[in-house]
Amino acid sequence: MDRDFEEFLALERELAVFLRRARANSGEMAREVHPELEPAAYGLLVRLEEAGRQRATDLAVYFGVGKATMSRQLRALEQLGIVAREPDPADGRASLVRLTDEGLARFRSVRNARRQTYVRKLAGWDRGEVAELARLLHQLNARAEG
């Protein structure tokens, strides 16, 4: 029976290795942004840079965590000067979270250095292969969300 699912077992094995490395890299990148940053915070910075100002509740839903967990992470980022809250113009009772200028500069510096690492590691790849990998990973992520 396992032979019928051999490619899925191979996928599971490769994803496990990939995820282990991604978690380690995320922690490393978070510390490069700020030595006191939690590993999980790097993904939050990616989302804020990509999507712009967000409500904490929307961020919690996006990452699949509770409001209390998101609140704790945002409070830590706020104390480090990486993010700031501002009133939501659509609802005065709510606030929007955004990267500060310093947070954005630190994040972009780390992201650009990491991009150069990918360029070096994938130097032997055709650009079309890199694009195909990105497309397939996007498709996997989109299906996982839906």
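Residues numbered from 1 in each chain as written. Predicted model: local features only at pLDDT ≥ 70, side-chain atom pairs only at ≥ 80, totals over all residues. Heavy atoms only, no water.

**Student:** Just to check I follow, could you spell out the overall build of the protein for this structure?
**Tutor:** Helices and strands together make up the secondary structure of the protein, namely six helices and three strands. Projected onto the principal axes, the alpha-carbon positions of the protein cover approximately 55 × 35 × 25 Å. When the 146 residues of the protein are sorted by exposure, 25% land in the buried category. Put simply, the protein shows about 10,300 Å² of open surface, and 53% of that area lies on carbon and sulfur atoms. (Helix = DSSP H or I, 4+ residues; strand = E, 2+ residues; numbered from the N terminus. Buried < 20%, exposed > 50% of the residue type's maximum accessible area, 1.4 Å probe, protein only. Areas by Shrake-Rupley, 256 points an atom, 1.4 Å probe, with all protein chains shown as cover.)

**Student:** How do you make sense of the sheet that holds strand β2 (residues 83–88) when you look at a structure like this?
**Tutor:** Either a parallel or an antiparallel arrangement is found when strands of a sheet pair, and the pairing is made through backbone hydrogen bonds. If you walk across this open sheet you meet the three strands as β1-β3-β2, and the pairing is antiparallel. With one partner strand each, in any of the chains shown, β1 (54–55) and β2 form the two edges of the open sheet. Sheet strands in contact with helix α2 (residues 41–51) are β1, β2 and β3 (91–99), and its direction is about 105° off that of β3. (Pairing = 2+ DSSP bridges. Contact = heavy atoms within 4.5 Å. Axes fitted to C-alpha atoms, helices over the stretch in contact; angles between N-to-C directions.)

**Student:** Hey, could you run me through the nonpolar core in this one?
**Tutor:** Across soluble globular proteins, you tend to see nonpolar side chains buried next to one another. Ranked by size, the top nonpolar core spans 21 residues in total, and within it Leu37, Leu45, Leu77, Ile82 and Val83 carry the most contacts. Put simply, the parts of the chain that give this core at least two residues each are α1 (6–33), α2, α3 (56–63), α4 (67–79), β3 and α5 (101–121). In terms of residues, this core owes the most to one element, α2, which gives five residues. Dropping the residues within four chain positions of it, Ile82 is found in contact with Val33, His34, Leu45, Leu77, Arg98, Leu99, Thr100, Gly103 and Arg106. (Core = buried A, V, L, I, M, F, W, Y, C linked by side-chain atoms within 4.5 Å.)

**Student:** Sorry, what's going on with a positive patch on the surface here?
**Tutor:** Judged by side-chain charge, Arg20, Arg21, Arg23, Arg120 and Lys121 come together as a positively charged surface patch. Among the elements of the structure, α1 and α5 are those that each provide at least two residues to the positive patch. With three residues, α1 is the single largest residue contributor to the positive patch. Structurally, the position occupied by Arg20 is in helix α1. (Patch = residues over 30% accessible without salt bridge, like charges linked within 9 Å, V, L, I, M, F, W, Y side chains within 5 Å. Salt bridge = Lys/Arg side-chain N within 4 Å of Asp/Glu carboxyl O. Lys, Arg positive; Asp, Glu negative; His and termini not counted. Charge placed at Lys NZ, Arg CZ, Asp CG, Glu CD.)

**Student:** Quick question: what am I supposed to make of α4 here?
**Tutor:** An α-helical segment advances 3.6 residues per turn. Residues three or four places apart therefore align on the same side. Along its 13 residues, α4 runs 18 Å from first to last C-alpha, staying within 8% of the 18 Å computed at 1.5 Å per residue. When we look at burial in α4, the residues that qualify are Met70, Gln73, Leu74 and Leu77. Down the axis of α4, the smallest arc covering the buried residues is 95°, so these residues share one side. Set apart from the buried face of α4 by more than 90 degrees, the exposed residues are Ala68 and Gln79. Those residues of α4 that are buried are in contact with α2, α3, β2 and β3. Downstream of α4 by one or two residues, Gly81 has phi in the positive range, about 80°. (Expected span 1.5 Å × (residues − 1). Arc of directions from axis to C-beta.)

**Student:** So what exactly am I meant to see when it comes to the packing of aromatic side chains here?
**Tutor:** Aromatic ring pairs are described here by two measures, namely the spacing of the ring centres and the angle between the planes. The final tally for this structure, using the stated rule, is three aromatic pairs. Judged by centre distance (5.5 Å) and plane angle (40°), the ring pair of Tyr42 and Phe107 falls under tilted. Here Tyr42, found in helix α2, pairs with Phe107, found in helix α5; they are 65 residues apart in sequence, far enough to count as distant. Grouping residues by exposure puts Tyr42 and Phe107 together as buried. (Phe/Tyr/Trp six-rings, centres within 6.5 Å; stacked < 30°, edge-to-face > 60°.)

**Student:** I tried to follow the packing of α3 against α4 on my own but got confused; where do I start?
**Tutor:** For any two helices packed against each other, the geometry comes down to the angle between their axes and how far apart the axes lie. Where α3 contacts α4, the two axes come as close as 9 Å, and the packing angle between them is 115°. The angle between α3 and α4 falls in the class roughly perpendicular. Between α3 and α4 the crossing geometry is right-handed. Across the interface between the two elements, Ala56, Thr57, Leu59, Ala60 and Phe63 from α3 touch Lys67, Met70 and Leu74 from α4. (Parallel < 35°, antiparallel > 145°, perpendicular 65-115°, else oblique. Left-handed = near helix turned anticlockwise from the far one by under 90°.)

What is shown is where atoms sit, not what they do.
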